[in-house]
2 protein chains.
Amino acid sequence: MPEVTARFAEIVGTANLLSGTEVNEDYGHDECLTCPPRKPASVAKPGTAAEVAALLSTATELGVPVTARGSGSGLSGAARPREDGLLISFERMNAVLEIDTANQVAVVQPGVTLAELDERTAGTGLAYTVYPGELSASVGGNVGTNAGGMRAVKYGVTRNNVLGLEAVLPSGEIIRTGGKNAKISSGYDLTQLIIGSEGTLALVTEVTVKLHPRLAHAATLLAPFTDLDEVMRAVPRILAAGLTPNILEYIDNLTMAAITYTEQLSLGVPDEIRDRTQAYLVVGLENRDGERLDGDVERAGELLGELGATDVYVLDGGSARKLIEAREKAFWTAKAAGADDVVDVVVPRSEMPGFLARARELATAAGAGVVGCGHAGDGNVHLGVFCPDPDKRHRLLHEIFAAGMAAGGAISGEHGIGQAKKDHFLALEDPAKLALLRRLKQAFDPAGILNPGVLFD
Amino acid sequence: MPEVTARFAEIVGTANLLSGTEVNEDYGHDECLTCPPRKPASVAKPGTAAEVAALLSTATELGVPVTARGSGSGLSGAARPREDGLLISFERMNAVLEIDTANQVAVVQPGVTLAELDERTAGTGLAYTVYPGELSASVGGNVGTNAGGMRAVKYGVTRNNVLGLEAVLPSGEIIRTGGKNAKISSGYDLTQLIIGSEGTLALVTEVTVKLHPRLAHAATLLAPFTDLDEVMRAVPRILAAGLTPNILEYIDNLTMAAITYTEQLSLGVPDEIRDRTQAYLVVGLENRDGERLDGDVERAGELLGELGATDVYVLDGGSARKLIEAREKAFWTAKAAGADDVVDVVVPRSEMPGFLARARELATAAGAGVVGCGHAGDGNVHLGVFCPDPDKRHRLLHEIFAAGMAAGGAISGEHGIGQAKKDHFLALEDPAKLALLRRLKQAFDPAGILNPGVLFD
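Values in this document were obtained by computation on a predicted structure and should not be read as measured data.

A. Spotlight on the overall build of chain A. Tallying secondary structure elements over chain A gives 17 helices and 18 strands in all. Taking 2.2 N^0.38 as the reference for a compact globule, 457 residues should give roughly 23 Å; the C-alpha atoms of chain A span a radius of gyration of 22 Å, in line with that estimate. Based on the C-alpha atoms only, the size of chain A along its principal axes is roughly 70 × 55 × 40 Å. Of all 457 residues assigned to chain A, the portion counted as buried reaches 61%. Within chain A, residue pairs in contact and separated by at least 24 positions form 74% of the contacts whose partners lie at least 6 positions apart.

Here it is as structure tokens:
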């Protein structure tokens, strides 16, 4: 065992330190489509924040690059380790420490999965309302990328649902930020700064998340439109009506065809209507009261009709669940269909039609294809990009990202920049801002050990 | 005119640069009770971000301390200038640039007041839902302190309602952060870092805020309790019931007596009940639908009865408005009553009874008094502190803040640290965290020109 590895093994115990052939291939990648696996020199599985602290101070001392890993469900390569580096896997720090119903918060270790947190809160009448699609995702990973998902239109993204952190600085110092309080105005907000920093500033060892009342009644409406622009124009009207949908998704006809085929899903849309449909709007409603929900469903149905839907289907519970699950698996469908990349540009929602039209134009000009779905209420466009040639694809993505930014948006709404989109980020972002981000990185991590190659070169 | 002043006058024009006797006394202070006015060497009233940029780069070059001022309604002295410094007043940058109903955002200059923003959105069916009490407050000032207020229990604080900023760095670089997007995951969140930084990192020249549907129907319930602990125990139950109150305030009997007396307010509470009351809970409900509101009022009334309220009064519109206004003016009432300081410690809401008991014990032991009210749903306790001796008061505040932090809370929930609470902040906060905050400050403001003496020494 090399000396460096031995130092790390001393901290976590040899049983929790893998190196060489012990390192499973899974540790070498996340779900990024364009980041080939890279086997790390060693994998540490700490059990406590103190162990994480010792690992980081040792890595700083020795100049060893460190990458953190939750469940490895990220899409931008932020959990892809360096070959000369240490991967810290949070799989053993997977305890739900507290469900505090009085303060409506849960305190969890970073390795807790969303599925487990959902199960643990189920009996309390409360729920953690961030559902980025992949329930095997870890809370720690969600904090790293500021994960979003379908419910964000009502409940916000990870950033809006995390109140406090315990985090370890590269120096080995352990700090606590925020807490169980809904608000705080006492110094710079380190919680918010660490959220979405993709493992480049500090490693999170405990997360305090907000819980919301778990509402008993839910319904899902499916509205086909003959024109994608009409879908987009309907979105602000639905939001302004005060129906507070918890899901407001668009799915283009190709994506809908793919996910219904893959999942063997029948939604009861007649062929005649389906053939004229360019995109669907999926509207989720929920209420603590069944009668109120019925009223909202009726109102939403009327409104969708007024806004140009060719018909409105209130899905039965089974179909609704399957459709939402299928939508959550849209990434896997795109991957199975041979997509060469997936992107999640975010724009102001009024800019979605223009941005989508521009993205299609750019793709056509490049001899490529883009299809997709997205969080219509959030302006978060998920595109599967079909363009096998890496250089062509790089140029196309550059143009698509530039178009999103020109529309007032950003490269990523919820997947993060990671390694996959870093070149574009560095090329397109304001140099003054990039210089500031680098100074902030320096303030946390002067030795540059945390996730080098992610966000920055 | 000294040379330094002349340099600033060149940038904004002599008509917009005050110095010497031209500087009105108002520019020397905010509403902090313990920060005596200090006249700045000069006051600049820029009209554009470019002028702010030139002022800051010049100040950096010359080493002149710079303090930003909105409406001067802050309570911690963050807008109190230095005698050797430049005060930048945003009074001329007071335009509502855009009300964008499709994206449900407003884009405003920092000098816009909450009253004006409310007026400008009134006809659109949307509203900016941060009401920190003082409607003359500016949006820029609210960003500086991360202002909260009564509606935060439903809508969150400033931090949760600002999507994007234009900000000027001390170097004179102008950056844009966030935008009209509800989410973004593309590099560190500078928007959130600047919010609540009390003018120490960058000066904000444009703010993009979220708007919410303006709900047509509202009701206010007043529930007297014989025991403050019961009030506090009721709070999580009301929140868990899914009634989503937009106001959830407690007011102790002394504070209620003072505000009803000052405002000549009659709430219809019989003497017999009033005399047994230790504290009141005020519950605000709102709905887009009048019938649903009635249902919620009924449910809330039942629930309050079950939770120990001696009675429940549904206030008529006039009384309700007056009570809320009186509560918003509680600071002025405390000031008029001779309070020597006001604090706004925040704790997890379940810790409020214990914290309040401890604060009263500490006050009694010091021969002082504390009375108050607060945002019960947020754990944000507003205390008027009656303790004329400055040294005694300093020790008492230190103990009160320490008790709040020991309960998992923070020194300030929404007023900020400013100059008033800086000593306590520096004495009580984790040194590792303070060192990190200082490094972040350095990353923004290496010359240390922005609000020296605020947050740090």
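Next comes the rest of the description.
B. Region of interest: the relation of the copies chain A and chain B. Of the transformation superimposing chain A on chain B, the axial component is 0.0 Å and the angular component is 180 degrees, with the fit at an RMSD of 0.0 Å. A rotation of that kind, with that shift, is consistent with a two-fold axis. Counting the interface residues of chain A, we find that 100% of their copies in chain B are interface residues as well, pointing to one common contact surface.

C. Highlighting the state of the cysteines. Residues and elements named next belong to chain A. Tallied over the full model, the rule gives two disulfides over all chains. In this model, C32 is linked to C35 through a disulfide, with the two sulfur atoms separated by 2.4 Å. Negative torsions about the S-S bond denote left-handed disulfides, and the value of about 60 degrees found for C32 with C35 makes this one right-handed. Taken individually, C32 and C35 each receive the classification buried, so the pair is uniform in this respect. Here C373 stays unpaired: no disulfide links it, and the sulfur of C32, its closest cysteine neighbor, is 18 Å away.

D. Local environment of the sheet that holds strand β14 (residues 279–287) of chain A. Residue and element names in this part refer to chain A. Taken in spatial order, the seven strands of this open sheet run β15-β12-β14-β13-β17-β18-β16, and their pairing is antiparallel. Strands with a single pairing partner mark the edges of an open sheet, and in this sheet they are β15 (313–315) and β16 (341–343). Neighbour-to-neighbour, the strand axes of the sheet open up by a mean angle of 20 degrees, direction not taken into account. As judged from the six bridges shared by strand β13 (residues 247–252) and β14, these two strands associate in the antiparallel manner.

E. Region of the structure containing the nonpolar core. Core analysis: the largest hydrophobic core is formed by 184 residues, its most contacted members being Y250(A), L281(A), F444(A), Y250(B), L281(B), L440(B) and F444(B). Ignoring anything within four residues of it in the chain, the contact list for F444(A) reads L169(A), P170(A), L190(A), L193(A), I194(A), L201(A), A202(A), L436(B) and L440(B). In this structure, F8(B), A9(B), M93(B) and L450(B) belong to the second largest nonpolar core, which totals 22 residues.

F. Examining the pairing of β13(A) more closely. All names here are of chain A. Of all six residues that make up β13, six are buried, and the element is covered over most of its length. Along β13, one buried face is formed by I247, E249 and I251 and the opposite face, lined by L248, Y250 and D252, is buried too. Of the pairings in the sheet, the one linking β13 to strand β17 (residues 369–375) comprises three bridges and is antiparallel in character. Considered in β17, the bridge of Y250 is made with G374.

G. Structural view of the interface of chain A and chain B. Facing the 74 residues of chain A at the interface are 74 residues of chain B. Summed over both sides, the interface of chain A with chain B buries roughly 6000 Å², with 54% coming from carbon and sulfur. When the area that chain A buries against chain B is broken down by residue, the three leading residues are K183(A), S185(A) and Y188(A), summing to 16%. For the pair chain A and chain B, the interface holds ten salt bridges. Of the charged contacts in the structure, one is a salt bridge between R159(B) and D189(A), with a shortest N-O distance of 3.0 Å.

H. The sheet that holds strand β4 (residues 86–89) of chain A, seen in detail. All names here are of chain A. With respect to topology, four strands assemble into an open sheet ordered β1-β2-β4-β3, the strand pairing being mixed. Two strands lie at the open edges of the sheet, namely β1 (17–19) and β3 (66–69), each paired on one side alone. Put simply, the sheet's adjacent strands are angled 20 degrees from each other on average, direction ignored. Relative to β4, strand β2 (residues 42–44) runs parallel, the two sharing three bridges. Across the sheet, the residue bridging to S42 is L86, located in β4. On the sheet, helix α1 (residues 3–12) packs against β1, β2 and β4 and is oriented at approximately 155 degrees with respect to β1.

I. Just the side chain of N103(A), in detail. By the secondary structure assignment, N103(A) is in the loop between β5 (96–100) and β6 (105–108). Relative accessible area serves as the criterion here: at 5%, N103(A) is assigned to the buried category. A polar contact of 2.8 Å, which involves the side chain of N103(A), links it to the side chain of D100(A). Excluding residues that lie within four positions of it along the chain, N103(A) makes contacts with K180(A), P348(B), R349(B) and S350(B).

J. View of the environment of N16(B). All names here are of chain B. Within the secondary structure, N16 is located in the loop between α1 (3–12) and β1 (17–19). Residue class for N16 comes out buried when judged on its relative accessible area of 15%. Between the alpha carbons of N16 and V370 there is a distance of 43 Å; along the sequence they are 354 residues apart. When residues no more than four places from it in sequence are discounted, the contact partners of N16 are V43, A44, K45 and R92.

K. View of the packing of aromatic side chains. Residues and elements named next belong to chain A. Taken as a whole, this structure holds four aromatic pairs over all chains when the rule is applied. Look at F331 and W332: their rings are 5.0 Å apart centre to centre, the planes differ by 70 degrees, and that puts the pair in the edge-to-face class. A cation over a ring is seen here: R151 above Y131, with NZ or CZ 4.6 Å from the ring centre.

L. Fine view of the pattern of salt bridges. Residue and element names in this part refer to chain A. Per the counting criterion, the structure on display carries 57 salt bridges over all chains. Note that K335 and E31 form a salt bridge whose closest N and O atoms lie 3.7 Å from each other. With K335 in helix α13 (residues 330–336) and E31 in the loop between β1 and β2, this residue pair connects regions lying 304 residues apart in the sequence. Assessed through its relative accessible area of 36%, K335 is described here as partly exposed.

M. Just helix α15 (residues 390–406) of chain A, in detail. Residues and elements named next belong to chain A. For α15, spanning 17 residues, the distance from its first C-alpha to its last is 24 Å, which sits close to the expected 24 Å at 1.5 Å a residue. The complete set of buried residues in α15 reads R393, L396, L397, I400, F401, A403 and G404. For α15, the angular spread of the buried residues around the axis is 155 degrees, confining them to a single face. The outward face of α15, more than 90 degrees from its buried face, is lined by the exposed residues D391, R395 and A406. In this structure, the buried residues of α15 make contact with β16, α14 (352–365), β17, β18 (380–386) and α16 (422–428).

Here is what the cut-offs are and how they apply
Residues numbered from 1 in each chain as written. Chains lettered and ligands numbered in written order. Predicted model: local features only at pLDDT ≥ 70, side-chain atom pairs only at ≥ 80, totals over all residues. Heavy atoms only, no water. Helix = DSSP H or I, 4+ residues; strand = E, 2+ residues; numbered from the N terminus. Rg over C-alpha atoms; globule rule 2.2 N^0.38 Å. Buried < 20%, exposed > 50% of the residue type's maximum accessible area, 1.4 Å probe, protein only. Contact = heavy atoms within 4.5 Å. Least-squares fit on C-alpha atoms with pLDDT ≥ 70 in both. Disulfide = S-S within 2.5 Å. Pairing = 2+ DSSP bridges. Axes fitted to C-alpha atoms, helices over the stretch in contact; angles between N-to-C directions. Core = buried A, V, L, I, M, F, W, Y, C linked by side-chain atoms within 4.5 Å. Buried area = accessible area lost by both parts, 1.4 Å probe. Salt bridge = Lys/Arg side-chain N within 4 Å of Asp/Glu carboxyl O. Polar contact = N/O pair within 3.5 Å; in protein donor to acceptor, adjacent residues only side chain to side chain. Phe/Tyr/Trp six-rings, centres within 6.5 Å; stacked < 30°, edge-to-face > 60°. Lys NZ or Arg CZ within 6 Å of the ring centre and 35° of its normal. Expected span 1.5 Å × (residues − 1). Arc of directions from axis to C-beta.

Fair warning: the whole summary comes from geometry, so function is off the table for now.
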